[in-house]
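What follows is each chain in one-letter form.
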Amino acid sequence: MNEAKNAAKLLVVNPTPFLDSHCKPDAAIFLGVGSAASAVNLGCSSCVLTSKGLPWLLIDCGFDTVSRYQQHFASLPDAVFITHLHYDHVGGLEQLYFQAALSQHQITLYAPAELIVGLCNILAYTGLSEGNCGVWQVFRLFPVSDSFMHRGQRLYSYPVRHHAPRSAFSLHLPGIVFYSGDTKAIPEILHHRVCNGEMIFHDCNLSGNPSHCGLNELKTSYRADLHKFIRVYHYQHKSDVTAFAAADIQAVVAEQVIAL
Ligand SMILES: [Zn+2]
Ligand SMILES: [Zn+2]
C-alpha cells in the first residue's frame, strides 16, 4: 500500500517520463563565455548543444545560467553535464532545482563520479521546506566514469588540468564536438583522442595562469592543423575576441549559433 502511495508521489514529481529521443547535436550555443572574474559582464561559461534548434544537453550551470537558458529557450533543461565544482559552473544548480521542483520537472544530472561527494555536499541544504521533494528526486543523478549514453549517443569524459588532479573533466562526442571545461592545454587528450575533425571548445585567456590556458600556450601546445577547429571561451574581456582573431584563433561569443 505504501509503495503504491510512493509511486503516486513520484508521478506527481515526474508527470511525463523522460523522453530519451535518439539524435545527434548539430549546433552549440554558449549562454556565457566568461571566467569567475568576468562572469558579471560575459556570463558564466556554459554551453547548450542543440539538435534542430532544440536543446540537447546543457554543459555546466553557473549562477546566471538558468535565467540565460530560460531567456533563450523559454524552458528548463532536461539534462545537464557538470565539468567541475567551481561556482561559476555549478552555482546555478540550486536555482535550477527550485524552478524544476516547483514546475514538476525532472532533470538528468550527469556528473563525473569523482565529483559526486562534493556535489552532494554543495546541495546538502537544498530542498523545499515542505520536505516532500528532495533534491535527488528532481535531479536524476547519473555518475559518469569514462563514458555515458545520452539520446542514443555515447559521450566520453576525460580528466583535464585544472586545480587538483581529477577534479575537472572534459566532454567528448567523437566526430562532433569536444568541450574542454576549465583547463590548461591538454595535448595528451587533443592529439590522441580528438582526431575526427571535431569542433573543439577550449578554455583560453590572453595571458594564461596555473589554472587556465593562455593564448601562447594554446598555440604552442597543439599541432597547427588543429587550430582551425578550436573556438576559445572562458576569457576576460569582450575586446579579447579581437586579440584572439589577430592570432588566428577564433573566440566564441555568447548567443552565437555555432554549427557542429
Ligand atoms: Zn570557470
Ligand atoms: Zn574552474
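Residues numbered from 1 in each chain as written. Chains lettered and ligands numbered in written order. Predicted model: local features only at pLDDT ≥ 70, side-chain atom pairs only at ≥ 80, totals over all residues.

Q: Explanation requested: the sheet that holds strand β14 (residues 257-259) in the structure shown.
A: One key point about sheets: their strands pair by backbone hydrogen bonds, in either a parallel or an antiparallel sense. In space, the seven strands of this open sheet follow the order β6-β5-β4-β3-β2-β1-β14, with mixed pairing throughout. Either end of the sheet is taken by a strand with one partner, and the two such strands are β6 (139-144) and β14. In this sheet, adjacent strand axes meet at a mean angle of 25° when their direction is disregarded. Taken together, the two bridges between strand β3 (residues 54-59) and strand β4 (residues 79-81) define a ladder with parallel strand orientation. Following the sheet pairing, Leu58 is matched in β4 by Val80. (Pairing = 2+ DSSP bridges. Helix = DSSP H or I, 4+ residues; strand = E, 2+ residues; numbered from the N terminus. Axes fitted to C-alpha atoms, helices over the stretch in contact; angles between N-to-C directions.)

Q: Sorry, what's going on with the environment of Pro165 here?
A: Positionally, Pro165 belongs in the loop between β8 (153-156) and β9 (171-173). The exposure class assigned to Pro165 is exposed, which follows from the 9 C-beta atoms found within 10 Å. As a C-alpha pair, Pro165 and Asp88 span 77 residues in sequence and 19 Å in three-dimensional space. (Buried ≥ 20, exposed ≤ 12 C-beta atoms within 10 Å, placed from the backbone.)

Q: So what exactly am I meant to see when it comes to helix α3 (residues 65-73) here?
A: Residues spaced three or four apart along an α-helix face the same direction, because each turn holds 3.6 residues. Among all positions in α3, only Thr65, Val66, Arg68 and Tyr69 are buried. One side of α3 holds all its buried residues, which, seen down the axis, span an arc of 165°. Looking at the buried positions of α3, the neighbouring elements they touch are β1 (27-32), β2 (46-51), β3 and α5 (93-102). (Arc of directions from axis to C-beta. Contact = placed C-beta atoms within 7 Å.)

Q: Which parts of the structure should I look at to understand the UniProt feature "domain: Metallo-beta-lactamase" (unreviewed entry) in the protein?
A: Per the UniProt record, "domain: Metallo-beta-lactamase" (unreviewed entry) is annotated on residues 43-237. As annotated, residues 43-237 comprises 23% helix and 26% strand, and the C-alpha atoms at either end are separated by 11 Å. (UniProt positions renumbered as here; feature names shortened; annotations may be inferred.)

Q: It is not clear to me how the confidence of the model for the protein should be interpreted in this structure. Could you clarify?
A: Keep in mind that low pLDDT regions are not for reading the predicted coordinates in detail. With 92% of its residues at a pLDDT of 70 or more, the protein has an overall mean of 92. In this model residues 6-19 is a low-confidence stretch, pLDDT under 50, and it forms 11 contacts with partners more than four residues away in sequence or in other chains. (pLDDT = per-residue confidence, 0-100.)

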